[in-house]
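Here's the letter readout for the chains.
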Amino acid sequence: MKLLKFIFVVVILLACIFCLISFLKPIPYSNSCGEDNLYRYRMGIYQIDTNIIKEKKLKKLGGLLSFAGIQDIGCPNEKDRQRDKMLAQAIDSTNRSLKWRLLKDDLWINKNGDIGLKEMIPVGNEGITFVDSYLTRMGFNTEEPLHAIIDTSTFQKLNSAFYKDKKHIYRYYAMAYGGSFSTFEEADQATFVALGDCYAKDKRHIYENRQGILDHVDYKTFKVKSTMSGCFAKDKDGYLSWGDRITEEDLNDEYVKQAISELDK
């Protein structure tokens, strides 16, 4: 009897020590899904991630029963994927109810007469589920409505970033979770033409779809290859990827080498 009491006391003591340690330091925890960054911590199960500035982000996935091993926390990532899937389905359902139809050149119109520039955006943190989204206002969908600015009868797509109508040049700036659409006031509307899929020029400047005016390139010798994939160009001073000069270190990349070979033909 005394032995059983002794064993009981030892077990309780060890459990208390384990719980105390868990408050001071996360203890690695494994689940059936083999997910990373799971820990017994503060009498629960937490997913702990550290960002680039060493800040820790804690997400509680289970309580005391999970901490004690009595209750499984399931698969958090799978739960997130299911949540993202449901959100994507809800957005798709809303889009269908609005009856969006193609007007012309990436420009769509819904049953309410709203005009929208169609884009694809990811849903959730993992970015593996995509949905259709429509920019119906200028800027990051927060300013004037597109139908108040765009002349739809003359609207046309020039490349992946630039559009025009009889009044304006427009730039679409893509970002991970939704881009922006705005008038491109820097450009001369009368002489503006696209150069491949990423660049453009007018009588004064060369433009790139992210940086805008490229003031570090030679206007007269600037060249792109319309048959190439990717955003590459050259001038008398060297080669560019997007708006940046290609360095000697970049030349180790086979994709860059192939692009330069195409530009030199």
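Please refer to the structure higher up on the page.
This is a predicted model, so every value here is computed, not measured. (Residues numbered from 1 in each chain as written. Predicted model: local features only at pLDDT ≥ 70, side-chain atom pairs only at ≥ 80, totals over all residues. Heavy atoms only, no water.)

### Notes on the overall build of the protein
Heads up, the condition is: Only DSSP runs of H or I reaching four residues or more are called helices, and only runs of E reaching two or more are called strands; each is numbered from the N terminus. Under the scheme applied here, a residue whose accessible area is under 20% of the maximum for its type counts as buried, over 50% as exposed, and between as partly exposed, the area being computed with a 1.4 Å probe on protein chains only. By definition, residues are in contact when any of their heavy atoms lie within 4.5 Å. Accessibility throughout is a Shrake-Rupley quantity obtained with a 1.4 Å probe, and a residue counts as covered only by protein chains that appear here.
Across its full length, the protein holds five helices and 19 strands. Across the 265 residues of the protein, 36% fall into the buried class. Residue pairs at least 24 apart in sequence account for 38% of intrachain contacts in the protein once pairs closer than 6 positions are excluded. Accessible area of the protein: about 16,400 Å², with a carbon and sulfur share of 55%.

### Examining the packing of aromatic side chains
Keep this limit in mind: Only the six-membered ring of Trp is used, alongside the rings of Phe and Tyr, when aromatic pairs are assigned; centres must lie within 6.5 Å, and planes under 30 degrees apart are stacked while those over 60 apart are edge-to-face, with the rest tilted.
Applying the stated criterion to the full structure yields 13 aromatic pairs. Ring centres 5.4 Å apart and planes at 50° place the aromatic pair F162 and F184 in the tilted group. One end of the pair, F162, is in strand β10 (residues 162-164); the other, F184, is in the loop between β12 (180-183) and β13 (193-195), with 22 residues separating them in the sequence. The class of F162 is buried, set by a relative accessible area of 0%. Where F192 meets Y207, the ring centres are 5.7 Å apart and the plane angle is 40°; that geometry is what we call tilted. Of this pair, F192 sits in the loop between β12 and β13 while Y207 sits in strand β15 (residues 206-208), placing them 15 residues apart in sequence. There is no split in this pair, since F192 and Y207 are both buried.

### Observations concerning the side chain of E208
Heads up, the rule is: Pairs of N or O atoms within 3.5 Å make up the polar contacts considered here, provided that, within protein, one atom can donate a hydrogen while the other can accept it, and that residues adjacent in sequence are counted only when both atoms are side-chain atoms.
By secondary structure assignment, the location of E208 is in strand β15. A distance of 2.7 Å separates the side chain of E208 from the backbone nitrogen of Q211, its partner in a polar contact. Beyond its immediate stretch of four places on either side in the chain, E208 contacts F162, R171, C198, Y199, L214, W242 and G243.

### Quick notes on the sheet that holds strand β16 (residues 212-213)
Within a sheet, adjacent strands bond to each other through the backbone by hydrogen bonds, running parallel or antiparallel. Selection rule: Between any two strands, pairing holds if DSSP finds at least two bridges.
In space, the four strands of this open sheet follow the order β13-β14-β15-β16, with antiparallel pairing throughout. Only two strands of the sheet have a single neighbouring strand rather than two, namely β13 and β16. When strand β14 (residues 199-201) meets β15, the two strands line up antiparallel, connected through three bridges. Bridged to K201 within β15 is I206.

### What to know about the side chain of S133
Considering the arrangement of structural elements, one finds S133 in strand β8 (residues 129-135). S133 has contacts with L117, K118, E119 and I121, leaving out every residue within four places of it along the chain.

### Considering the sheet that holds strand β18 (residues 238-241)
For clarity, the threshold we go by: Lines fitted to the C-alpha atoms define the axes, with helices restricted to the stretch that makes contact. Angles between their N-to-C directions range from 0 to 180 degrees.
If you trace the three strands from one edge of the open sheet to the other, you get β17-β18-β19, paired in antiparallel fashion. Here the strands that pair on one side only, and so sit at the sheet edges, are β17 (232-235) and β19 (244-245). The strands that helix α5 (residues 254-263) touches are β17 and β18; relative to β17, the one it contacts most, it runs at about 50°.

### Topic: the state of the cysteines
Which entries qualify depends on this criterion: Only a pair of cysteine sulfur atoms within 2.5 Å qualifies as a disulfide here.
Taken as a whole, this structure holds one disulfide when the rule is applied. With a sulfur-sulfur separation of 1.7 Å, C198 is cross-linked through a disulfide to C231. Disulfide C198-C231: torsion about the S-S bond near -60°, hence left-handed. Of this pair, C198 sits in the loop between β13 and β14 while C231 sits in the loop between β16 and β17, and the two are 33 residues apart along the sequence. When sorted by exposure, C198 lands in the same class as C231, which is buried.

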